[in-house]
Amino acid sequence: MAGKEITRIMATDCGSTTTKAILIEKKDGEYRLIRRGEAPTTVEAPAEDVTKGVLNAVGEIEDLEGRKFLKEGGDGVQVSSDSTDGVDIYMSTSSAGGGLQMTVAGVVKSMTGESAQRAALGAGAIVMDVVASNDGRLPHEKVADIRRLRPDMILLSGGIDGGTIDHVVELAEIIKAADPKPRFGMGYKLPVIYAGNKDASEEVSKELGEQVELKIVDNLRPVLERENLTPARDSIHELFMEHVMAQAPGYPRLMDWAGHYVDGKWEKVPIMPTPGAVGKLIEIVAKNEGIEVMGVDIGGATTDVFSVFNSGEETVFNRTVSANLGMSYSVSNVLASAGFDNVMRWVPFHMDEADLRNRIRNKMIRPTTIPQMLKELVVEQAIAREALRLALVQHKELATGLKGVSQERTIGDAFEQTQTGATLVNMMTLDLLIGSGGVLSHAPRRSQAALMVIDAFLPEGITMLAVDSIFMMPQLGVLSEVLPEAATEVFDKDCLIRLGTCVAPAGENKKAAVLAEVHITKQDGSSLDISIEKGKIFVEPMDVGKKVTAVIKPAKNLDVGNGPGIEWQGELEGGVVGIVFDGRGRRPFNLPEDDSRRVEKLQEWSEALDIYPERFINLEGGE
Amino acid sequence: MAFAYTPGLRVAPSTLVRKERRLPLAGETLVGTGDPVIAETIVATTHLPGNVKMLNIANVMGLPPGDIHELLFVAEGDVIEENQTLGQTKGLFGLFKNTVRSPIHGVFESYNKITGQAVLREPPIPVEIDAYLKGTVTEVLENEGVIVETNATYVQGIFGIGGETRGELKVLTDGPADELTEELIDESCKGKVLLGGSFVSYETLNKAIKTGVKAIIVGGFDDKDLKKFLGYDLGVAITGHEKKGITLILTEGFGRMTMAHGTFKLLRSREGMLASVNGATQIRAGVMRPEVVIPLEKAEVSKDTEKQAGAMDIGSPVRCIRAPYFGKLGTVEALPAELMVLDSEAKVRVLNVKFENGEIATVPRANVELIEE
């Protein structure tokens, strides 16, 4: 890079709930994280300006660091060309916007309507409404509903190629009549994707071309027996980045703030969408280390899952956005999707359902609050387990295709997939699982994050677990665009916290009381024998960076990586939690059905991993 | 930092309220700039395309779709009456004819030679938009609608269901901590917007609907009642379109929650006045909260009665919005800069709040909201 070396970096991530700022500086030849600050995101009234949250978050760093980083009058981050004051570069990512909210339209509700819905869901949208020619509503009711819901984007499909044109055009007429105003931004056109009968493209274009930001892609249901969702999905992602996010209040100013001086000239650094930035970083990690990686970022409105898995000779990167699974805006939807019982199975005390529902609703309507009491934390982490679990289910369903090949699904294939599990996600071959997002990164104890990730994702065999220490993967993702070496250095030293390796035999053997025998040889030559007992989980403390050689002999039919009953030899690495030996079973993993036994087990596991303070055992429901 | 930013809801004794009243599609505006309007004044009107009826004529006639055209008595675009004969087969020796009659009054819009389907459209549906508020038209959006402005008492709720409605404000509970019970609702509540205290139950809500109550403003409501009332579990908070015959506005949240004294006091002082309310809520960025708008007579107007939103300082009135102090009101006693460890072991920025009973508690800054009184 031309010009002066960058040694002071300010980066922010404007999440849907919190805006996080980090200060990175190069000292003694290495880039390190110096300070972080955070503040509520300010897209809501009364501020309605994303930059206010940025100022507050950077202001916190100023307070803690005792230095100035903001311009006089609060008009942005002070970026200097000569290292005199402020920082050398400012950059930002953002997911403020509360997720992508879409309305989809198709001719027949159960056919193209449903295909459109699948495409939108797969792209990570919340589908607010499915408009169809046969949905039973009068046209003016459809018009009114589209207007009222104010979708961020509309996906219009309908008709197989060569099929109906009139109905599709009629849907276009309805959208035209609705002329929905997007949530943000005056005078900006609503993005509409047309992925229907190719013969109707021209007519649809005539109807909508002037009024909306129309993008025409391949039909998502070219013939009745086949879906082709990829073009529509890609297009949704693209338009979301380009049009929807950029309309959040205050964005244009934020875009002006982000940049640096190159040879005395101001150069902007584009604002990167948070999921895009995190995905980039995950890909870099997988590439640099030559491993299979999965990352999850659980936010307030959405949960993103990223994975890099091998498929034959190729490595395939996949990303899904579960726009309706999150810990604040979408928290009620987690309860609705997972069900009360599934959430409560992780809670070792009894709670009145009505009470829990009210608490969750109150979190939804006041999304920025945090648990003050231990009991509330336990409940929140239980919800997080379910949100993570459901996000993984969605990811598995979508991460099936081959790179560069359209993810086409025939009715027959769909049937095959469930039969053979043709998803690329393989929890047995997965090497590294990284958790990110407030509930994981900010968990008061690292062991809580470890167990949340283990319970939700159920890693099999040998898997290294890690968390983003203070939730800075988004900022490092955008930094990697400008200064890859700084991003990698800070990621290794300050961001990625290795929790430790999880060893979990998978498979069914009802008779085995011991799932695997482990023989460990430490670096000093001493050795240790461990039995992974059925139904138990425990930790062997081992510091970050320390490695031991291990020989693991699974019981009959059980697998730790080399196949059922086959011995595994290799290195196990420690972490801040240690090496976790999980004998609770995989395929299947079940919690005891008997309630008191379940509570007893949860308490036992909590104690084994030192998840919660001792008073956790005596917690009861209610206030 | 001398102060901290915190979100809050608007509770303004007097402020300028500006409402855009738009038609669902282009039409005609009926009022002009400067015109005084009342809530019921129709400000714009249009005709939406009528409902479409699909009729498979080929199936009814029992003939291939391509053979139908010459048997039709109507052409595309013709006005048709209910029961009017649209077409007829030739029959056998003039007998056994199959006749197709129109099920609606409207227009014969099109016939598809491939599918045999005819599209019949009912007459256009008139749509009218009212002013929603008593006020003045300050801008006309050509063919689309108008902007109505008024000086009003403005109260934002935290969550609501049901759309726009209006009625005279009637206070039903003695104080903000009292529940709005079934017994309090009688015939005198018909057509009114009721102000309750801390809570309303599912049963009371139903009685209110039967009585003809327009809207209820209360502190809290149970989520299990919401599910029962709506008939489904609300996943993402996007409301306003429910057609339950009533609009419900919660000022505090879910559960039994004393309404903020200031909110209750302000609304009580407006008893007998006409309130326009809207329960529509969208909780996400670009948030939309439910509202109560009570237009004021000119004499009552005083500008700048609102505090600067968002700035929290020592002495600022706040409401705790999370357990264990949920719903409690107090003032900011201190804003310590250093992070503190909570019961949950989380290390966060906090503030000390002095409650109305003199008790002082430490709470995370994220768990309070400013009361703008």
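Everything quoted here is computed from the prediction, not taken from an experiment.

What counts, and at which threshold
Position labels on residues start from 1 in each chain and follow its written sequence. Lettering of chains starts at A and numbering of ligands starts at 1, both following the order in which they are written. In view of the model being predicted, local features appear only for residues whose pLDDT reaches at least 70, and side-chain atom pairs are presented and counted only at 80 or more, with totals across whole chains, interfaces and linings using the full set of residues. Here a strand is any run of E in DSSP of at least two residues, a helix any run of H or I of at least four, and the numbering for each starts at the N terminus. To sort residues by burial, count the other C-beta atoms lying within 10 Å of each one's C-beta; a count of 20 or more means buried, 12 or fewer means exposed, and anything in between means partly exposed. C-beta atoms are built from the backbone. By the convention adopted here, residues make contact when the C-beta atoms placed from their backbones lie within 7 Å. Following DSSP output, two strands are said to pair if at least two bridges run between them. Lines are fitted to the C-alpha atoms to define the axes, a helix being fitted only along its stretch in contact, and any angle between axes, read from their N-to-C directions, falls within 0 to 180 degrees. How far each domain reaches was decided by an automatic or database domain assignment. Along the arc lie the directions from the helix axis toward the C-beta atoms. Values of pLDDT, which run from 0 to 100, indicate the predictor's confidence residue by residue. Joined through C-beta atoms within 7 Å, a set of buried Ala, Val, Leu, Ile, Met, Phe, Trp, Tyr and Cys residues constitutes a nonpolar core.

This part is about the overall build of chain A. Scanning chain A from terminus to terminus reveals 18 helices and 26 strands. Every one of the 623 residues in chain A was classed for burial, and the buried ones make up 57%. In chain A, the share of contacts with a sequence separation of at least 24, taken over all contacts with a separation of at least 6, comes to 72%.

Attention now moves to unusual backbone geometry. All names here are of chain A. Of note, the bond from R587 into P588 is cis; its omega dihedral lies within 30 degrees of zero at 10°. Here P588 shows up in the loop between β26 (579-582) and α18 (595-609). Located in the positive-phi region is L458, a residue other than glycine, with phi close to 45°. Mapped onto the secondary structure, L458 falls in the loop between α15 (446-457) and β19 (461-468). The phi dihedral of D610 falls on the positive side, at around 55°, and the residue is not glycine. Summarising the element assignment, D610 is placed in the segment after α18. Among the residues examined, D610 registers 15 C-beta atoms within 10 Å and is labelled partly exposed.

Residue and element names in this part refer to chain B. In space, the 3 strands of this open sheet follow the order β4-β6-β13, with antiparallel pairing throughout. In the strand order of this sheet, the two ends are held by β4 (28-29) and β13 (125-130), each with one partner. Where β4 lies against strand β6 (residues 42-48), 2 bridges are found, and the strand directions are antiparallel. By the bridge assignment, E28 is partnered in β6 with T45.

Another aspect to go through is the sheet that holds β19 of chain A. Residues and elements named next belong to chain A. With respect to topology, 8 strands assemble into an open sheet ordered β16-β15-β14-β18-β19-β20-β26-β23, the strand pairing being mixed. The open sheet has two free edges, formed respectively by β16 (314-322) and β23 (537-540), since each of these has just one partner strand. For this sheet, the mean inter-axis angle between neighbouring strands, taken without regard to orientation, is 20°. Pairing between strand β20 (residues 496-504) and β26: 2 bridges, direction parallel. Bridge pairing links V503 to F581 in β26. Contacts between α15 and the sheet are confined to β18 (432-436), β19, β20 and β26, with β20 contributing the most and set at about 45° to the helix.

With that settled, the discussion passes to the domain arrangement of chain A. Segmentation of chain A into domains returns domain 1 (8-95), domain 2 (100-247) and domain 3 (277-618). Distance between the C-alpha centres of domain 2 of chain A and domain 3 of chain A: 36 Å.

Another aspect to go through is helix α2 (residues 202-211) of chain B. All names here are of chain B. By the burial criterion, the buried members of α2 are T204, L205 and A208. Looking straight down α2, one finds that the buried residues subtend no more than 100° of arc, so they occupy a single side. In α2, the exposed residues that point more than 90 degrees away from the buried face are E203 and K210. At its buried positions, α2 is contacted by β18 (179-180), β19 (192-195), β20 (199-200), β21 (215-221), α3 (223-230) and β22 (247-254). Backbone geometry just downstream of α2 places G212 in the positive-phi region, at approximately 95°.

Glancing now at the confidence of the model for chain A. Residue and element names in this part refer to chain A. The pLDDT averaged across chain A works out to 85; a share of 90% of its residues lies at or above 70. Within the model, the stretch residues 401-408 combines pLDDT values under 50 with 12 contacts to residues more than four positions away or in other chains. Ignoring residues within four places in sequence, the model shows residues 412-421, a span with pLDDT below 50, making 4 contacts including any to other chains.

Next up on the list: the environment of G500 of chain A. All names here are of chain A. Mapping G500 onto the fold places it in strand β20. Placed 79 residues apart in sequence, G500 and I579 show a C-alpha to C-alpha distance of 5.2 Å. Sequence-distant contacts of G500, defined by excluding residues within four places in its chain, comprise L465, M542, G574, G575, V577, G578, I579 and V580.

Think of interface size as the accessible area that goes away when the parts come together; that is how it is often given. Along its sequence, chain B is organised into domain 1 (52-121), domain 2 (158-289) and domain 3 (311-371). Spacing between the C-alpha centres of domain 1 of chain B and domain 3 of chain B amounts to 72 Å.

Moving on: the nonpolar core. Of all hydrophobic cores here, the largest spans 264 residues; its most connected members are L155, L156, I175 and V503 of chain A together with I216 of chain B. By residue number, the principal contributor to this core is helix α12 (residues 374-398) of chain A, which donates 11 residues. Those residues in contact with I175 of chain A that sit more than four places away from it in its chain are A105, I146, I154, L156, V192 and L208 of chain A.

Right, let's talk about the environment of L95 of chain B for a bit. You can see L95 of chain B is positioned in the loop between β9 (85-88) and β10 (99-101). Between the C-alpha atom of L95 of chain B and that of G197 of chain B, which follows or precedes it by 102 residues, the distance is 75 Å.

A few words now on the pairing of strand β27 (residues 329-334) of chain B. Residue and element names in this part refer to chain B. When strand β26 (residues 317-320) meets β27, the two strands line up antiparallel, connected through 3 bridges. Bridge pairing links R319 to L329 in β27. Both β27 and strand β29 (residues 347-355) contribute to a ladder of 4 bridges, which runs antiparallel. Paired with V332 across the two strands is V353, which belongs to β29.

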